[in-house]
Amino acid sequence: MGTTKSEIFTDEQNRLALMFKVFGNPARIAILQYIINQKACICNDLVDELGLAQATISQHLKELKTLGIIQGTIEGKSVCYCIDEKVWNDVQNDLIAFFKQDVHIKQCC
């Protein structure tokens, strides 16, 4: 499988692609929904709630942290995650701007 030549695309295009990648997994959507509903959570809660293995949850949390949409703090042996509201708002605005683009399709399809 070939690699993406990210340097030939704009920062906006790369950022949007990363967002879509992160949001393209239903487990990550479930994790985000759980964190939003709980206002914060401990990773073990996610394992119990979603029924996925700890290693799987950790990998998904890593992807969400890469986007910056969640942040975590270590409390003893537990890591508590919450939504980074500034990044959440930035992601919302980026997606709204992307989908608000006017599309004018000629009768060719």
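Residues numbered from 1 in each chain as written. Predicted model: local features only at pLDDT ≥ 70, side-chain atom pairs only at ≥ 80, totals over all residues. Heavy atoms only, no water.

Quick look at helix α4 (residues 54-67) now. Taking 1.5 Å per residue as the helical rise, α4 with its 14 residues ought to reach 20 Å, and the 20 Å between its terminal C-alpha atoms agrees with that figure. Of the residues making up α4, those classed as buried are Ile-57, His-60, Leu-61, Glu-63, Leu-64 and Leu-67. Each buried residue of α4 sits inside an arc of 155° when the element is viewed along its axis, so together they form one side. Pointing more than 90 degrees away from the buried face of α4 are the exposed residues Ala-55, Lys-62 and Thr-66. Directly after α4, the chain includes Gly-68, whose backbone phi takes a positive value near 90°. (Helix = DSSP H or I, 4+ residues; strand = E, 2+ residues; numbered from the N terminus. Expected span 1.5 Å × (residues − 1). Buried < 20%, exposed > 50% of the residue type's maximum accessible area, 1.4 Å probe, protein only. Arc of directions from axis to C-beta.)

Another aspect to go through is the state of the cysteines. By the definition in use, this model includes zero disulfides. Lacking any disulfide linkage, Cys-82 is separated from the closest cysteine sulfur, that of Cys-80, by 6.5 Å. (Disulfide = S-S within 2.5 Å.)

It is worth spelling out the packing of helix α2 (residues 26-38) against α4 at this point. At a closest axis distance of 10 Å, the pairing of α2 and α4 adopts a crossing angle of 80°. Looking at the two axes, α2 sits roughly perpendicular to α4. Residue-level contacts link Ala-27, Arg-28, Ile-31 and Leu-32 of α2 to Ile-57, His-60, Leu-61, Glu-63 and Leu-64 of α4. Its residues assigned to classes, the contact of α2 with α4 comprises six nonpolar, one polar and two charged. (Axes fitted to C-alpha atoms, helices over the stretch in contact; angles between N-to-C directions. Parallel < 35°, antiparallel > 145°, perpendicular 65-115°, else oblique. Contact = heavy atoms within 4.5 Å. Nonpolar A, V, L, I, M, F, W, Y, C, P; charged D, E, K, R; others polar.)

Read these as geometric descriptors, not functional statements.
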